[in-house]
Amino acid sequence: MTIIIHHLQRSQSERIIWLCEELGIPYELKLYTRDKHTLLAPPEYKALHPSGTAPIVYDGPIHLAETDAITDYLLAKYAPTPNALVPAPTAPNFADYIFWRHFANGTLGPATGRVMMFAFAQVDAANPVGLGVKARFENAARMVDDRLAASKWLGGDEFSLADLMTVWHLTGLRQFNPFELTPWPHVVEWLKRVGERPAYRRAMEKGDPGFEPLLGAGKPEAIRRG
Amino acid sequence: MPPITLWFLQASRCIRIAWLLEELHLDYDVKFFDRENGIAPQALKSGSGNPLGKAPTLQDGPLTIYESGAITRYLCEKYDKQARLIPHPAYEVDRIKVQQWIHASEATFILHALAISSARSTIPEPGKSNGALKEMEKKMSGNVQNDVDWLEAELGQSNGKFLLGKEVTAADIMMHISIVFILKRELGTQGRTWPKVEQWLKDCEATDSYKRAVQKTGHKV
């Protein structure tokens, strides 16, 4: 029985499709469109799991939400580590890999998400809390850029789950609160390499056909209402 | 008893707020006032809590709000959870467009047309028969026509019946009565017609929400 990836289009669930493409895990794909006014998941998506947020994966009777839970589950059951995306604990870069893999969703994601939420709430640019939020994001982005100045991929010489988890926050998420990547040139170079990966291209084509991945440095076009 | 009360003057721009309330599916009471000799009666002037005694004035619980644009923004921010009528901030371009129309409906369209209306109602008699009023109207018509030409062009660019496409937004709700005012009273129109504008007015008035607003308030121009 194949897993089902419930993909909310224009969302971070693109990463689960990408994960499966990279590791050759078979999956069935169901696509859902955001409510064009609220930008949120439609009612039929929210009904899939109490969390109501993407990604959601079904494996028979097992219904999972939460990117990292889904990832750990899929790796354990269908691509036990070490594998093409995850090094062994004995690998020299294991600590680097583990740091960047968790930095993606533990620090960078929340920092970028907070900037976006403050923009949605139209918080005044001079608001001191807003300035703090902006500073934290810029620090996280600079850390990523500095790492990529010194290393081809976040974990080390090879592409890994650390890179896969980081991409969304600096690409797709920008359609909701557009910003340039020009302050972080090594990130821009790294995204070019990401865009060359056949698994990434297949995942984006299948999940969001017709949508050009936001890999460029320029300010992307904001999401449009239908 | 609903917490929202709309203080409504007949044949005025109050219909905007009734239409908006209907679009938001909100429950509200109407305090209706007919004009007396063309103007608002004293009871409206002193009853609504608006220091200028103007309508529309909205009461929502303990709050009193006036100025169509402010009422529109208040109601949308508080009640439009679907962000249908004023787009979500992520839709920056659409949101700016709607804000522009909300402001232009008064600060551009009504502003230019009202000058003509005020001239008509205030010019002393010699000005009417000696052609002075006619000349003034002709000179003031340039701005009005510029404005309505712009509206016609924007409607031509829209990918639907309404200003922002296939669905009504606060842009249509605020703009509609401004244009009715201009066209019906021929304020600066100088015999010209604008086909897309006229169709758009019909489309606005054909919406269920507009029809309910008219029925509930008894609005007529």
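You'll find the structure just up there.
As the structure is a prediction and not an experimental result, all values here were calculated from the model.

**Student:** When you look at the sheet that holds strand 1 (residues 4-9) of chain B in this model, what are you seeing that I'm missing?
**Tutor:** The strands making up a sheet associate through hydrogen bonds between their backbones, and the pairing can be parallel or antiparallel. All names here are of chain B. Strand order in this open sheet of 4 strands is 2-1-3-4, and the pairing throughout is mixed. The open sheet has two edge strands with one neighbour each: strand 2 (29-33) and strand 4 (63-66). Pairs of neighbouring strands in the sheet enclose a mean axial angle of 20 degrees, with direction left out of account. Strand direction decides the pairing type here: strand 3 (residues 57-60) and strand 4, joined by 4 bridges, are antiparallel. Bridging from a neighbouring strand, leucine 58 pairs with isoleucine 65 of strand 4. Contacts from helix 1 (residues 15-23) reach strand 1 and strand 3, with the element oriented near 150 degrees to strand 1.

**Student:** Help me out: how do you make sense of the pairing of strand 3 of chain B in this one?
**Tutor:** Residue and element names in this part refer to chain B. Neither face of strand 3 is open: one carries Thr57 and Gln59, the other Leu58 and Asp60, and all of them are buried. In this structure, strand 1 lies alongside strand 3, joined through 4 bridges in antiparallel fashion. Bridged to leucine 6 within strand 3 is leucine 58. Taken together, strand 3 and the strand that follows it, strand 4, pair antiparallel across an intervening segment of 2 residues, in which glycine 61 is found at a positive phi of about 60 degrees.

**Student:** Is there a simple way to explain the sheet that holds strand 3 (residues 56-59) of chain A in this structure?
**Tutor:** All names here are of chain A. The sheet built from 4 strands is open, its strands ordered 2-1-3-4 with mixed pairing. Where the open sheet ends on each side, the last strands, each with one partner, are strand 2 (27-32) and strand 4 (62-65). The sheet shows a mean angle of 20 degrees between the axes of neighbouring strands, taken without regard to direction. Pairing of strand 3 with strand 4 involves 4 bridges; the strand directions are antiparallel. Along strand 4, the bridge assignment pairs tyrosine 58 with histidine 63. Sheet strands in contact with helix 3 (residues 67-78) are strand 1 (3-8), strand 3 and strand 4, and its direction is about 135 degrees off that of strand 4.

**Student:** Explain the interface of chain B and chain A to me, please; I cannot follow it from the model alone.
**Tutor:** Reports often express the size of an interface as the amount of accessible area lost when the parts come together. At the junction of the two partners, chain B supplies 13 residues and chain A supplies 13 residues. Between chain B and chain A lies a buried interface of about 1200 Å² when both sides are counted; carbon and sulfur atoms form 47% of it. Area buried by chain B at its contact with chain A is led by His88, Ala90 and Tyr91 of chain B, which between them contribute 43% of it. Counting the contacts that link chain B with chain A gives 2 salt bridges. As a salt-bridge pair, arginine 224 of chain A and aspartate 94 of chain B come within 3.0 Å of each other at their nearest N and O atoms.

**Student:** Looking at this structure, I do not really get the pattern of salt bridges. What am I missing?
**Tutor:** Pairing is possible between side chains that carry opposite charge, provided their charged atoms lie close to one another. Scanning all chains against the criterion turns up 18 salt bridges over all chains. Ionic pairing is found between lysine 134 of chain A and glutamate 138 of chain A, a salt bridge with its closest N-O pair at 3.5 Å. Separated by 4 residues within a single helix, lysine 134 of chain A and glutamate 138 of chain A lie in helix 5 (residues 128-150), roughly one turn from each other. Accessibility expressed as a relative area gives 46% for lysine 134 of chain A, which makes it partly exposed. Glutamate 138 of chain A gets classed as partly exposed once you look at its relative accessible area, which sits at 35%. Residue glutamate 106 of chain B is joined to arginine 16 of chain B by a salt bridge in which the shortest nitrogen-to-oxygen separation is 2.7 Å. With glutamate 106 of chain B in helix 4 (residues 92-122) and arginine 16 of chain B in helix 1, the pair connects residues that are 90 residues apart, well separated along the chain. Judged by relative accessible area, glutamate 106 of chain B falls into the partly exposed class, the value being 26%. The class for arginine 16 of chain B is buried, based on a relative accessible area of 1%.

Criteria and cut-off values
Residues numbered from 1 in each chain as written. Chains lettered and ligands numbered in written order. Predicted model: local features only at pLDDT ≥ 70, side-chain atom pairs only at ≥ 80, totals over all residues. Heavy atoms only, no water. Pairing = 2+ DSSP bridges. Helix = DSSP H or I, 4+ residues; strand = E, 2+ residues; numbered from the N terminus. Axes fitted to C-alpha atoms, helices over the stretch in contact; angles between N-to-C directions. Contact = heavy atoms within 4.5 Å. Buried < 20%, exposed > 50% of the residue type's maximum accessible area, 1.4 Å probe, protein only. Buried area = accessible area lost by both parts, 1.4 Å probe. Salt bridge = Lys/Arg side-chain N within 4 Å of Asp/Glu carboxyl O.

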